[in-house]
Amino acid sequence: MKKIVMTRKTYMHALEPIKSLLNTYQPKPIHQKTSYAVLLPLIKMDNHYHVLYQIRAQHISQPGEVAFPGGKVEAGESLKAAAIRETAEELNIASDQIQILGEIDFLVSGSRTVHCFVGEILIEDWQAITPNEEVERLFTLPLDMLLEDDPVYYSLTSTLTANGDFPFERITNGMGYPFKDFHRTIPFYDKLDENLWGMTALFTHRFVEMIRSGKKYPR
């Protein structure tokens, strides 16, 4: 039987379809089902910048929580466009009153990704904003204050419960395996009148860290 010798050229030729596929593929988080986009809104007040927050209305999910405007990215819509659309809808302002400055780090949580953009709301008096029915009320926090006051990260460990036919017997240590998703740290800003915590606190803190690392920030 004649022995077939595979040269490097032959190998590369055989891998060409795979190379072509990978060169045109846009990587995304595994198991991602939904993308969301939010806006961290900056408001200029008396020559100082504040971050605008909203309290979610009682009749929607996560009622009463502090949040940024945002929501689900629609089919064919860019992340940036979604952040602008959702902000315009929730704050009842025109899209041209939102000036996007850029995007910060995004969050991957389970089957969803949440992208956070930073933008200035081009309005003279934020208290004149009349948000839609999804928003109970608005408030602001001075950026200077946020730069001086970091959140506290509290540890949270969830209890693992056997469910269905999950094959724990095939895993070293079984139910004692250190699944990473069951151990988390969640930020809370402890010195504020408002209960700023969770994802909104995380994006706030990340934005503040980025400003500090640049050693310059708007006043």
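On a predicted model such as this, the values are computed, not experimentally measured, just so you know.

About the thresholds
- Residues numbered from 1 in each chain as written.
- Predicted model: local features only at pLDDT ≥ 70, side-chain atom pairs only at ≥ 80, totals over all residues.
- Heavy atoms only, no water.
- Phe/Tyr/Trp six-rings, centres within 6.5 Å; stacked < 30°, edge-to-face > 60°.
- Helix = DSSP H or I, 4+ residues; strand = E, 2+ residues; numbered from the N terminus.
- Buried < 20%, exposed > 50% of the residue type's maximum accessible area, 1.4 Å probe, protein only.
- Lys NZ or Arg CZ within 6 Å of the ring centre and 35° of its normal.
- Salt bridge = Lys/Arg side-chain N within 4 Å of Asp/Glu carboxyl O.
- UniProt positions renumbered as here; feature names shortened; annotations may be inferred.
- Patch = residues over 30% accessible without salt bridge, like charges linked within 9 Å, V, L, I, M, F, W, Y side chains within 5 Å.
- Areas by Shrake-Rupley, 256 points an atom, 1.4 Å probe, with all protein chains shown as cover.
- Expected span 1.5 Å × (residues − 1).
- Contact = heavy atoms within 4.5 Å.

Describing the packing of aromatic side chains
Move 1: The final tally for this structure, using the stated rule, is 5 aromatic pairs.
Move 2: Relative to Phe68, the ring of Tyr53 lies with its centre 5.1 Å away and its plane at 20°, an arrangement referred to as stacked. On the criterion of sequence distance, the pair formed by Tyr53 in strand 2 (residues 48–56) and Phe68 in the loop between strand 3 (66–67) and strand 4 (70–72) is long-range, its members being 15 residues apart.
Move 3: Summarising the aromatic geometry, the rings of Tyr154 and Phe188 are spaced 5.6 Å apart at their centres and angled 80° between planes, so their arrangement reads as edge-to-face. Here Tyr154 is found in strand 9 (residues 152–157), whereas its partner Phe188 is found in strand 10 (residues 183–188), with 34 residues between them in sequence.
Move 4: Using a relative accessible area of 40% as the deciding quantity, one classes Tyr154 as partly exposed.
Move 5: Under the relative-accessibility criterion, Phe188 is labelled partly exposed at 25%.
Move 6: Every member of this aromatic cluster is reached through a ring pair, and the members are Tyr53, Phe68 and Phe139.
Move 7: One cation-aromatic arrangement involves Arg112 over Tyr36; the distance from NZ or CZ to the ring centre is 5.9 Å.

Focus on the pattern of salt bridges
Move 1: As enumerated under the stated definition, the model contains 8 salt bridges in all.
Move 2: As a salt-bridge pair, Arg85 and Glu77 come within 2.7 Å of each other at their nearest N and O atoms.
Move 3: The network of salt bridges with shared partners includes Glu74, Glu77, Arg85, Glu86 and Glu89.

Quick notes on the UniProt feature "domain: Nudix hydrolase" (unreviewed entry) in the chain
Move 1: The UniProt feature table records "domain: Nudix hydrolase" (unreviewed entry) at residues 29–164.
Move 2: Counting secondary structure, residues 29–164 comes out at 14% helix and 43% strand; the distance between its end C-alpha atoms is 26 Å.

Let's talk about a nonpolar patch on the surface
Move 1: A cluster of nonpolar residues, Leu15, Ile18, Leu21 and Leu22, forms a patch on the protein surface that exposes about 400 Å² of accessible area.
Move 2: Looking at the element boundaries, Leu15 is found in helix 1 (residues 8–24).

Details of helix 2 (residues 79–91)
Move 1: For helix 2, built from 13 residues, the straight-helix expectation of 18 Å at 1.5 Å per residue is met to within 8% by its first-to-last C-alpha distance of 18 Å.
Move 2: Among the residues making up helix 2, those that are buried are Ala82, Ala83, Ile84, Arg85, Glu86, Thr87, Ala88, Glu90 and Leu91.
Move 3: Elements in contact with the buried residues of helix 2: strand 1 (34–45), strand 2, strand 4, strand 5 (98–103), strand 7 (112–121) and strand 8 (135–142).
Move 4: Count one or two residues on from helix 2 and you reach Asn92, which has phi positive near 55°.

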